[in-house]
Amino acid sequence: MLEHHARLVALFDYAREVVGRKKLQKMVYIAKKLNFPFGEKYQFHFYGPYSEELTLRVEELCNLGFIEETKEKVSGYYQYRYTLTGEGEQFLNHYDLDLEPLKDCVTSMNEKPSRMLELISTILYFDHLSNEEIVEKIQVVKQKQKYTEEEIEEAFRYIEDLKSQQ
Amino acid sequence: MLQQLNEEKVFKDPVHRYIHVRDSIIWDLIGTKEFQRLRRIRQLGTTFLTFHGAEHSRFSHSLGVYEIVRRIIKIFQGRPHWNNEERILCLAAALLHDIGHGPYSHSFEKVFNLDHEDFTQSIILGDTEVNSILKKADSDFPRKVSEVIAKTYENKLIVSMISSQIDADRMDYLLRDAYFTGVSYGQFDIERILRVMRPKEDQVVIKHSGMHAVEDYIMSRYQMYWQVYFHPVTRSAEVILSKILHRAKALHEEGYTFKLEPIHFVSLFNDDVDLDDYIKLDEGIIQFYFQAWQEEEDDILSDLCERFLNRRLFKYMEFNPNVHMEHWHRLYTYFVRAKIDPDYYLIVDSSSDLPYDFYRPGEEEERLPIHLLMKSGEYRELSRESTVVEAISGKKRTDHKLYYPSDLVERIEDQDLKRKISEILEL
């Protein structure tokens, strides 16, 4: 019962704090692509893989008081900060999720800027293509972000690092 | 220049009055077996068990989306940012956007780990009648159509006509679903919205003078979600449907011998569904098995099928996981003692189990918001201008319910156990 909610709460437990909805979306997507058991369905949107299901589930967790959302104004736009609450910790105690390997992955992703996570998740979205085709695809779908060759190389390297830790 | 029919063909439609077809390729696509299959898949899945009129198909919705896009294009022709060479691409993508849907898609996708969008891509790009017709336009045309539907096509304006927060898909399903369910709150003035749509470099924008028509559309989405799509009786049917599929799969994995071999399900059970198997699935096939499974030796499978077919649905109560977690653990134990398998008969369903796109005003670049084109030529996000939209795009309402079979509880012989369960369920 509510296992998908519990797995998300576990992610917040490991991360301690996630700043930015986009960052959260990309972290869960990347974890899912690394075969962690997140069930949220993703589709491609203007800014890369996005899950409405995840957005709604996070809203549910906020309404239930399991995570706290803080809205902050940052240079012309709003940013959202998420932290686990005591009630969220109690909720998590009802589950034996065995997600320990997720901890390092979440900690590592949480240290990356959301721009980089956006690039990494986009690469993973097109992972059925060859690397050359992926780079071409990024130039089309992420034209406005103007990712440099160095950034793209770093993203590919990071994906390999994450995979090797599995 | 693509071939045109000698005479325009029309489909009579209860929502748009007429659907007009002049392009041969569109006419040919409608005639393919993959598109005709959509006649046998209901647009709203199990909703017909709550609103008996909701028997309309994905076929009629797909034609409706095509027709709306056709009308938008007429408004866009000759305006800046609109490239009329993309006209047929837009129309084909609109027509085919749901081609990969299967019967009761939502439950099937969750239980069997499928994604109808993958099948949409396969039908457009694979060895199918749809693909052979698309290729006649150009060898690269199927790829373009598939990319528009996947939202990865380079021209974002075209993508946004079919998939954005105000698109032809949503406008058609809201009006069509309201019409067929018979509810009055799904209405909005589509003619007005179409008239005030304008093409921009990478999305459709709305002239400021059309803001109130868009407010109605946003309200319609909100109302339809809570009153129709997330109706608790429909959700009860969906819960049972999902449990039927889980049970059949579990039995297959245990090596159970079905009286009627479920040949159409075998590749689903084995996580190995190919396109041919998938295209054969429709609601007729599924209902046939549900009929047959009522006679199975397995009590759970036969009971769930009987419930689904005869609308003996589960009852429900509000469930707050923060407050009622202990209740749930106790109920689970009591159900086991009463020999009612809680994994099939005690289910919590959440609003996020049926994702629905509330309007979101572009929070931190998550989704592209609706932009109004102001008289000054500037663009303004909708909720910054509309207090109505601002009000309903703030704090989101969420919901959790606990579903259970009250008739089985009623039949528990151990009176003490029955009393304990009834107390928690407030029976």
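Residues numbered from 1 in each chain as written. Chains lettered and ligands numbered in written order. Predicted model: local features only at pLDDT ≥ 70, side-chain atom pairs only at ≥ 80, totals over all residues. Heavy atoms only, no water.

1. Let's talk about the overall build of chain B
To keep things clear, this is the line we draw: The way it works is that DSSP assigns letters per residue, a run of H or I at least four long becomes a helix, a run of E at least two long becomes a strand, and they are numbered from the N terminus. Radius of gyration here is computed from C-alpha atoms only, and the compact-globule reference equals 2.2 Å multiplied by the residue count raised to the power 0.38. Relative accessible area decides the class of each residue, using a 1.4 Å probe on protein chains only: under 20% of the type maximum gives buried, over 50% gives exposed, and in between gives partly exposed. The contact criterion used throughout is that any non-hydrogen atoms of two residues lie within 4.5 Å.
Across its full length, chain B holds 23 helices and 9 strands. Relative to its length of 427 residues, chain B is compact, with a C-alpha radius of gyration of 24 Å against a globular reference of 22 Å. Overall size of chain B, expressed as C-alpha extent along the three principal axes, is 75 × 50 × 35 Å. Burial statistics for chain B: of 427 residues in total, 62% are counted as buried. Put simply, 70% of the contacts in chain B that link residues at least 6 apart link residues at least 24 apart.

2. Topic: the interface of chain B and chain A
Defined as follows: Two parts placed together each lose some accessible area under a 1.4 Å probe, and the buried area is that loss summed for both. We define a salt bridge as a side-chain nitrogen of Lys or Arg found within 4 Å of a carboxyl oxygen belonging to Asp or Glu. Side-chain atoms alone can form a polar contact between residues adjacent in sequence; in general such a contact is a pair of N or O atoms within 3.5 Å, and within protein one must be able to donate a hydrogen while the other accepts it. Note on residue categories: nonpolar means Ala, Val, Leu, Ile, Met, Phe, Trp, Tyr, Cys or Pro, charged means Asp, Glu, Lys or Arg, and polar means any other residue, Gly included.
Every contact between the two is made by 42 residues of chain B and, on the other side, 38 residues of chain A. Between chain B and chain A, roughly 3,800 Å² of surface is buried when both sides are summed, and carbon and sulfur atoms account for 54% of that area. On the surface where chain B and chain A come into contact, there are 5 salt bridges. In this assembly, chain B and chain A are joined by 13 residue pairs in polar contact (both at pLDDT 80 or more). For the side of chain B that touches chain A, the secondary structure elements donating two or more residues are helix 5 (105–112), helix 6 (116–125), helix 8 (141–150), helix 18 (325–337) and strand 6 (347–350) of chain B. The element that contributes the greatest number of residues to the side of chain B that touches chain A is helix 18 of chain B, accounting for 4 residues. A class-by-class count of the residues in the side of chain B that touches chain A yields 10 nonpolar, 10 polar and 22 charged.

3. Details of the side chain of Glu109(B)
Relative to the helices and strands, Glu109(B) resides in helix 5. Among the polar contacts listed, one links the side chain of Glu109(B) to the side chain of Lys41(A), at a separation of 3.1 Å. In this view, Glu109(B) contacts Lys41(A), Leu114(B), Asp115(B) and His116(B); residues no more than four positions away in its chain are not counted.

4. Re the pattern of salt bridges
Tallied over the full model, the rule gives 45 salt bridges over all chains. Note that Asp127(A) is salt-bridged to Lys33(A), the shortest N-O span being 3.3 Å. Highlighted residues: Asp127(A) in the loop between helix 6 (114–125) and helix 7 (131–141) and Lys33(A) in helix 2 (residues 21–33), separated in sequence by 94 residues. Asp13(B) is the salt-bridge partner of Arg176(B), the closest N and O atoms lying 2.9 Å from each other. Residue Arg176(B) is located in helix 10 (residues 168–181), and its partner Asp13(B) is located in strand 1 (residues 4–13); the two are separated by 163 residues in the primary sequence. Both residues of the pair, Arg176(B) and Asp13(B), count as buried. What emerges from the salt-bridge pattern is a single network uniting Asp303(B), Glu306(B), Arg307(B), Arg312(B) and Asp407(B).

5. Thoughts on the sheet that holds strand 4 (residues 204–207) of chain B
Backbone hydrogen bonds are what pair the strands of a sheet, in a parallel or an antiparallel way. All names here are of chain B. Rules: Whether two strands pair comes down to DSSP finding at least two bridges between them. Note on definitions: angles span 0 to 180 degrees between N-to-C directions of axes, and those axes are lines fitted to C-alpha atoms, for helices only across the stretch in contact.
Taken in spatial order, the 4 strands line up as 3-4-7-8 in an open sheet, and their pairing is mixed. Lying at the two open borders of the sheet, with one neighbouring strand each, are strand 3 (197–199) and strand 8 (379–381). Here the strands of the sheet are splayed against their neighbours by 45° on average, with no regard to which way each runs. Bridge count between strand 4 and strand 7 (residues 371–373): 2 bridges; the pairing is parallel. Looking at strand 7, one finds that isoleucine 206 is bridged to leucine 372.

6. Concerning the side chain of Glu151(A)
Residues and elements named next belong to chain A. Tracing the chain through its elements places glutamate 151 in helix 8 (residues 149–164). Engagement of the side chain of glutamate 151 in a polar contact is seen with the side chain of arginine 115, the distance being 2.9 Å. Sequence-distant contacts of glutamate 151, that is, excluding residues within four places in its chain, are made with Arg115, Met116, Leu119 and Lys146.

7. Things to note about the domain arrangement of chain B
Residues and elements named next belong to chain B. To be explicit about the condition: Delimitation of the domains relies on an automatic or database domain assignment.
In terms of domain boundaries, chain B breaks down into domain 1 (4–230 + 369–392), domain 2 (244–311) and domain 3 (320–358 + 398–427). At the junction of the two partners, domain 1 supplies 11 residues and domain 3 supplies 11 residues. Counting the surface lost from both domain 1 and domain 3, the interface buries some 1,000 Å², and carbon and sulfur atoms represent 60% of this. Inspection of the domain 1/domain 3 interface yields 0 salt bridges. Elements that contribute at least two residues to the side of domain 1 that touches domain 3 include exactly helix 10 and helix 12 (211–229). The dominant element in the side of domain 1 that touches domain 3, judged by the number of residues it contributes, is helix 12, at 5 residues.

8. Some words on helix 17 (residues 299–310) of chain B
All names here are of chain B. Quick reminder of the rule: Expected span of a helix: the number of residues minus one, times 1.5 Å.
With 12 residues, helix 17 ought to run about 16 Å at 1.5 Å a step, and its terminal C-alpha atoms sit 16 Å apart, in line with that. Those residues of helix 17 not exposed but buried are Ile300, Leu301, Ser302, Asp303, Leu304, Cys305, Arg307 and Phe308. Lining the buried residues of helix 17 we find helix 13 (232–254), helix 16 (283–293), helix 19 (342–345) and helix 22 (406–410). Directly after helix 17, the chain includes arginine 311, whose backbone phi takes a positive value near 55°.

9. A look at the confidence of the model for chain A
Note the cut-off: Across the chain, each position has a pLDDT score giving the predictor's confidence in that residue, from 0 to 100.
Mean pLDDT over chain A works out to 92, with 100% of the residues at or above the 70 mark. When pLDDT is averaged over each helix and strand of chain A, the minimum, 88, is found for strand 2 (residues 43–45) of chain A and the maximum, 96, for helix 1 (residues 3–15) of chain A.

10. Comments concerning the packing of helix 13 of chain B against helix 17 of chain B
Residue and element names in this part refer to chain B. Convention followed: Here the angle decides the label: under 35 degrees means roughly parallel, over 145 means roughly antiparallel, 65 to 115 means roughly perpendicular, and every other value means oblique. Note on convention: near helix rotated counterclockwise from far helix by under a right angle means a left-handed crossing. Clockwise means right-handed.
At a closest axis distance of 9 Å, the pairing of helix 13 and helix 17 adopts a crossing angle of 150°. Taken together, the axis directions place helix 13 and helix 17 in an arrangement best described as roughly antiparallel. Regarding helix 13 and helix 17, the two cross each other, and that crossing is left-handed. Of the residues in helix 17, those touching helix 13 at Ala237, Ile240, Leu241, Lys243, Ile244, Arg247, Ala248 and Leu251 are Ile300, Leu301, Leu304, Cys305, Arg307 and Phe308. Taken together, the residues of the contact of helix 13 with helix 17 sort by class into 11 nonpolar, no polar and 3 charged.

11. Section: a positive patch on the surface
The condition that has to hold: Nonpolar side chains (Val, Leu, Ile, Met, Phe, Trp, Tyr) are joined into patches within 5 Å and like charges within 9 Å, using only residues with over 30% relative accessible area and no salt bridge. Note that accessible areas follow from Shrake-Rupley with a 1.4 Å probe, and for residues the cover is restricted to the protein chains shown. Charged residues are defined here as Lys and Arg on the positive side and Asp and Glu on the negative side; His and the ends of the chain fall outside this count. Where a charge lies is defined by one atom per residue type, namely NZ (Lys), CZ (Arg), CG (Asp) and CD (Glu).
On the surface, Arg79(B), Arg192(B), Arg195(B) and Lys207(B) cluster together into a patch of positive charge. What makes Arg192(B) partly exposed here is its relative accessible area of 31%.

12. Concerning the sheet that holds strand 1 (residues 17–19) of chain A
Residue and element names in this part refer to chain A. The 3 strands are arranged 1-5-4 in an open sheet whose pairing can be described as antiparallel. The open sheet terminates on both sides in strands that have one partner only, identified here as strand 1 and strand 4 (67–74). Each adjacent strand pair in this sheet contributes to an overall mean axis angle of 20°, direction not counted. Sheet strands touched by helix 3 (residues 52–64): strand 4 and strand 5 (77–84). Its angle to strand 4, the strand with the most contacts, is close to 110°.

13. Observations regarding the environment of Ser132(B)
All names here are of chain B. Looking at the secondary structure, you find serine 132 in helix 7 (residues 129–137). A residue is classified by how much of its surface remains accessible, and serine 132, at 37% relative accessible area, is partly exposed. For the pair formed by serine 132 and proline 142, sequence separation is 10 residues and the distance between their alpha carbons is 8.9 Å. Within polar-contact distance, the side chain of serine 132 engages the backbone oxygen of glutamate 129 at 2.9 Å.

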